[in-house]
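Each chain, written out:
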Amino acid sequence: FILRKVNVELRADLESQAAELLAVGGRLTASEGELQLLRRRMENLQHQVDSLIEQSAKMAFYAALTESGGVGPYNTPTVLKFSNVFTNVGDAYSPTTGFFTAPVKGVYYFRFTICGQTNQGSMGVQLFHNGKSIIYNLQTRYNEFFEYLSNAVILELNVGDELHLVLPEDTSVFDNVNNHSTFSGFLLFK
Ligand SMILES: *[C@@H]1O[C@H](CO)[C@@H](O)[C@H](O)[C@H]1NC(C)=O
């Protein structure tokens, strides 16, 4: 009798353990499915982030100053707004402010050419990086009409760094439909 009782108890115990194992197995299968779903979502997000980074890494602009002739001289330094935009991939250059803003950290190349069209006075240009002058070029009392002044820089920039060109006081530049004065730049690499 005692043996039979033990046997019945043991069987009951085994049966309840088996039921528990089955339940645990069910839960594991469920969380495996959830994990797979989460993994797919993560991969999807990663893909979106990658393509956003890829897109923001494309930056190139090219703009001419104006179609309407001389700019300056003024008695204070004045931001040159290259308003005739021909290329602006990534929209990092603003023709309304004349400011370039770095969309990503990286190494950038910029160049400018300005034209002077007078045989009196001076032409000049100053390049600012985050408000600090990094190029200051002047051409004074030149003799020819249509003189050009050109320069280029390669800079390591952080996200949000800005660059702009300034017309120094008492100097002037010239441009018309022929694209005499231009400002351009692009991201070399990240
Ligand atoms: C000025 O540049 C624009 C854009 O590249 C071009 O379409 C236009 O023909 C240029 N003007 C002259 C006179 O070359």
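Residues numbered from 1 in each chain as written. Predicted model: local features only at pLDDT ≥ 70, side-chain atom pairs only at ≥ 80, totals over all residues. Heavy atoms only, no water.

1. Re the nonpolar core
Counting 31 residues, the largest nonpolar core has Leu80, Phe100, Tyr108 and Phe110 as its most contacted members. Ignoring any residue separated from it by four or fewer positions in sequence, one finds Phe100 in contact with Met59, Phe61, Ala92, Tyr93, Tyr108, Phe110, Leu157, Asp161, Glu162 and Leu163. (Core = buried A, V, L, I, M, F, W, Y, C linked by side-chain atoms within 4.5 Å. Buried < 20%, exposed > 50% of the residue type's maximum accessible area, 1.4 Å probe, protein only. Contact = heavy atoms within 4.5 Å.)

2. Quick look at the domain arrangement of the chain
The parts lose accessible area when they come together, and the size of an interface is often stated as this lost area. Its domain assignment divides the chain into domain 1 (1–56) and domain 2 (58–189). Distance between the C-alpha centres of domain 1 and domain 2: 63 Å. (Domains from an automatic or database assignment.)

3. Here's the deal with the site of the ligand
Phe86, Val177, Asn178 and Asn179 make up every residue found near the ligand. In the environment of the ligand, a nitrogen atom lies 3.1 Å from a nitrogen or oxygen atom belonging to the backbone of Val177. Within the contact set of the ligand, an oxygen atom lies 2.4 Å away from a side-chain nitrogen or oxygen of Asn179. Isolated, the ligand exposes 360 Å² of accessible area, and the fraction of that covered by the protein chains is 41%. Grouping the amino acids of the shell around the ligand by side-chain chemistry returns 2 nonpolar, 2 polar and no charged. (Near = heavy atom within 4 Å. Polar contact = N/O pair within 3.5 Å; in protein donor to acceptor, adjacent residues only side chain to side chain. Areas by Shrake-Rupley, 256 points an atom, 1.4 Å probe, with all protein chains shown as cover. Nonpolar A, V, L, I, M, F, W, Y, C, P; charged D, E, K, R; others polar.)

4. Topic: a nonpolar patch on the surface
A cluster of nonpolar side chains, contributed by Ile154, Phe186, Leu188 and Phe189, occupies part of the molecular surface with about 380 Å² of accessible area. Counting residues per element, the nonpolar patch draws most heavily on strand β12 (residues 182–189), at 3 residues. (Patch = residues over 30% accessible without salt bridge, like charges linked within 9 Å, V, L, I, M, F, W, Y side chains within 5 Å. Salt bridge = Lys/Arg side-chain N within 4 Å of Asp/Glu carboxyl O. Helix = DSSP H or I, 4+ residues; strand = E, 2+ residues; numbered from the N terminus.)

5. Notes on the side chain of Asn137
Examined against the element boundaries, Asn137 turns out to sit in strand β8 (residues 132–140). Reaching out from Asn137, the side chain makes a polar contact with the side chain of Asn151 at a distance of 3.0 Å. Excluding residues that lie within four positions of it along the chain, Asn137 makes contacts with Phe112, Met123, Gly124, Val125, Leu149 and Asn151.

6. Here's the deal with the packing of aromatic side chains
Counted under the stated rule, the structure contains 12 aromatic pairs. Ring geometry for Phe61 and Phe183: centres 5.1 Å apart, planes at 80°, overall edge-to-face. Taken together, the residues Phe61 in strand β1 (residues 60–64) and Phe183 in strand β12 connect sequence positions 122 residues apart. Taking relative accessible area as the criterion, Phe183 reaches 0% and is therefore assigned buried. Considering the side-chain rings of Phe146 and Phe174, the 5.7 Å spacing of their centres and the 65° angle between planes classify their relative orientation as edge-to-face. Remark: Phe174 occurs in strand β11 (residues 173–175) and Phe146 occurs in the loop between β8 and β9 (147–157); sequence separation between them is 28 residues. In this structure Phe146 comes out as partly exposed when scored by relative accessible area, which is 35%. (Phe/Tyr/Trp six-rings, centres within 6.5 Å; stacked < 30°, edge-to-face > 60°.)

7. Considering the pairing of strand β10 (residues 162–167)
Buried residues dominate β10, accounting for 6 of its 6 residues. Burial along β10 is two-sided: Glu162, His164 and Val166 and Leu163, Leu165 and Leu167, pointing in opposite directions, are all buried. Judged from the 2 bridges that link them, strand β5 (residues 100–101) and β10 form a sheet pairing that is antiparallel. Each residue of the ladder has a partner; that of Thr101, found in β10, is Glu162. (Pairing = 2+ DSSP bridges.)

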